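Observations on the three-dimensional arrangement
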Amino acid sequence: MITDQVLAVVEKLDRLESEMNLFAMEREDVSHTGILALGTKQHHVQLGKPGTGKSWLAEFLCAAVEGARKFTRRMHPGISPDDIIGPRSIKGFEEEDTRRNIEGFLPTAHIFFADELYRTGPMALDPTLSVVNERVYENGSQGSVVCPLISMFGGTNTLMQSEALLAFHDRICFLLEVEGIVEKKNFRRMIENKINRVSPDLESIGLTLGDLEIFWDGITKVEWGDEAFDIEWDIRESFRKEGMMFSDRKSNWILDIVRGEALLSGKDEVTSEDFTVLKHVLWDTPDQKVQTEKLVLTHSNPALEEINRLIDSAVKAQANCLGIVSGVADDDDGEVIRIRAGGDAQGTIGTVLKTLDQKLKGSSGVTKAEIQRAVSKVENIDEMISYDVLKLRRRSA
């Protein structure tokens, strides 16, 4: 049974996620998995083009946790362990001691943000493995230093280019692709926040390092029953059959990740939909992403697999419409083509929205949130057809 103390922390984390979504539009998955990473002591990387706001997550989360220390480094080919772990002690060097001055560097941080993560090599990253994995650093004559690191957050334009970084990459739990803002209403809100100098209200949430300790302990109390074991086994076997077998390390991570997901929903027992979040955990390269989501949803949340098919139907209708009207003259004949193509597309899209609306009425939890996001995506496609194909006047967002 979840204690009132744990539920109070869950409420704080829920408020934090809501606040994050007000300022990080179209980043709901990033916000949620970022909080889950913090709540399970796992590491989190965003893959995306420059300028897509990959650094905000670590900044936001560190600012939200009272007393948390953040360490940031922009990686580059010439960076050395001195820049990350701390410089060698001059006095220690004279004494042939390998100790470093670690204060203010990674070994003393609660949150580590590594920008352009994979631009460096194993010489710089391998010495961090014990900190990132075991939260311990062997500091010469000072012996083992227990490190307070909770989570590492990374931003990168490309994934690892060298097998030499595999050991480090295998410590990354959450991996998400990010893009620029797509929907007009969200773009407008981003600009208005900037103009009006609106800032997030983090202080009133009152999240502390002690709260995170309570949450970590709460995860261990969430029940993992036979159904949960069977689902994890089935997912593991389906990946093996597809030649995408994930490591035993990730198999062990799943236990805490899924129980943490259940706890964030206020549950004291894992249910099948709590495994949905693994679609952000079990892929290593972008070409595996679609298949990973399909395999995860097949065993955890088949309803969402159908939602994805509905979204694909709307996207294909949009693509077909744009293909028809591409290069059409801006005259009466062209208008007839646009009206016919746009009408056909919106017919398909309307059917999709109607189906999504029906499914939304009987949904809850993770499934409800995913359907709501699907509705927003499809509505955005519908508006694009109206404005860019049918040439209707745009409404202000």
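Because the structure is predicted, anything quoted here is derived from the model rather than measured.

Below, the discussion takes up unusual backbone geometry. Of note in the backbone geometry, Glu-26 takes a positive phi value of approximately 60° without being a glycine. Residue position: Glu-26 is located in the loop between α1 (4-23) and α2 (28-40). The phi dihedral of Glu-116 is positive, around 50°, even though this residue is not glycine. You can see Glu-116 is positioned in the loop between β4 (111-115) and α6 (122-125).

Right, let's talk about the packing of aromatic side chains for a bit. A full pass over the atoms with the stated rule returns five aromatic pairs. The interplanar angle of 75° and the centroid separation of 5.4 Å between the aromatic rings of Phe-239 and Phe-246 together place this pair among those described as edge-to-face. The buried category is assigned to Phe-246, whose relative accessible area is 7%. By way of ring pairs, the aromatic residues Phe-71, Phe-105 and Phe-112 are connected into one cluster. One residue, Lys-41, lies across the ring of Trp-216, its end atom 4.0 Å from the ring centre.

One pass over the structure, following the stated rule, counts 22 salt bridges. Where Arg-119 meets Glu-116, a salt bridge forms, and the shortest distance between an N and an O atom there is 3.0 Å. Exposure remark for Arg-119: the relative accessible area of 45% places this residue in the partly exposed category. Connected through shared salt-bridge partners, Asp-29, Lys-279, Glu-293, Glu-370 and Arg-373 make up one network.

Moving on to the nonpolar core. Leu-16 and Leu-278 are the most contacted members of the largest nonpolar core, which has 60 residues in total. When sequence neighbours within four positions are dropped, the list of residues in contact with Leu-16 reads Ile-35, Phe-60, Leu-61, Ala-64, Leu-202, Ile-205 and Leu-207. Counting 31 residues, the second largest nonpolar core, distinct from the first, contains Leu-47, Ile-102, Ala-109 and Val-131.

This part covers helix α12 (residues 248-264). Relative to the 24 Å expected for 17 residues at 1.5 Å per residue, α12 spans 25 Å between its end C-alpha atoms, a close match to the ideal helical length. The principal kink in α12, of about 30°, is found at Ile-254. Along α12, the residues that are buried comprise Lys-250, Ser-251, Trp-253, Ile-254, Ile-257, Val-258, Arg-259, Gly-260, Glu-261, Ala-262, Leu-263 and Leu-264. The elements touched by buried residues of α12 are α1, α2, β8 (174-177), α10 (209-219), α11 (226-241) and α16 (365-389). Phi for Gly-266, located one or two positions after α12, is positive at around 80°.

This part is about the sheet that holds strand β1 (residues 44-47). Strands sit in the order β3-β4-β7-β1-β8 across an open sheet of five strands; the sheet is parallel. The two strands at the open ends of the sheet, each matched to only one other strand, are β3 (70-74) and β8. Along the sheet, successive strands turn relative to each other by an average axial angle of 15°, direction set aside. Summarising the sheet, β1 and β8 pair through four bridges and their orientation is parallel. Each bridged residue has a counterpart across the sheet, and for Val-45 the counterpart in β8 is Leu-175. In the packing of α2 onto the sheet, contacts are made with β1, β4, β7 (151-156) and β8, and the angle to β8 comes to roughly 165°. Each of β1, β3, β4 and β7 is contacted by helix α3 (residues 56-64), which is oriented at about 165° to β4, the strand it contacts most.

Turning next to a nonpolar patch on the surface. A surface patch of nonpolar side chains, amounting to about 370 Å² of accessible area, comprises Phe-187, Met-190, Ile-191 and Ile-195. Residue position: Phe-187 is located in helix α9 (residues 184-195).

Attention now moves to empty space enclosed by the protein. One pass over the structure, following the stated rule, counts one cavity of 30 Å³ or more. Lining the largest cavity we find His-169, Ile-172, Cys-173, Leu-175, Lys-250, Trp-283 and Asp-284. Classifying every residue of the lining of the largest cavity gives four nonpolar, one polar and two charged.

About the thresholds
- Residues numbered from 1 in each chain as written.
- Predicted model: local features only at pLDDT ≥ 70, side-chain atom pairs only at ≥ 80, totals over all residues.
- Heavy atoms only, no water.
- Helix = DSSP H or I, 4+ residues; strand = E, 2+ residues; numbered from the N terminus.
- Phe/Tyr/Trp six-rings, centres within 6.5 Å; stacked < 30°, edge-to-face > 60°.
- Buried < 20%, exposed > 50% of the residue type's maximum accessible area, 1.4 Å probe, protein only.
- Lys NZ or Arg CZ within 6 Å of the ring centre and 35° of its normal.
- Salt bridge = Lys/Arg side-chain N within 4 Å of Asp/Glu carboxyl O.
- Core = buried A, V, L, I, M, F, W, Y, C linked by side-chain atoms within 4.5 Å.
- Contact = heavy atoms within 4.5 Å.
- Expected span 1.5 Å × (residues − 1).
- Bend = angle between axes of the 7 residues up to and from the residue.
- Pairing = 2+ DSSP bridges.
- Axes fitted to C-alpha atoms, helices over the stretch in contact; angles between N-to-C directions.
- Patch = residues over 30% accessible without salt bridge, like charges linked within 9 Å, V, L, I, M, F, W, Y side chains within 5 Å.
- Areas by Shrake-Rupley, 256 points an atom, 1.4 Å probe, with all protein chains shown as cover.
- 1 Å grid on protein atoms, 1.4 Å probe; cavity = no way out; pocket = protein on both sides within 12 Å on 5 of 7 lines; lining within 4 Å.
- Points joined across faces, edges and corners; volume = space filled by probe spheres on them.
- Nonpolar A, V, L, I, M, F, W, Y, C, P; charged D, E, K, R; others polar.

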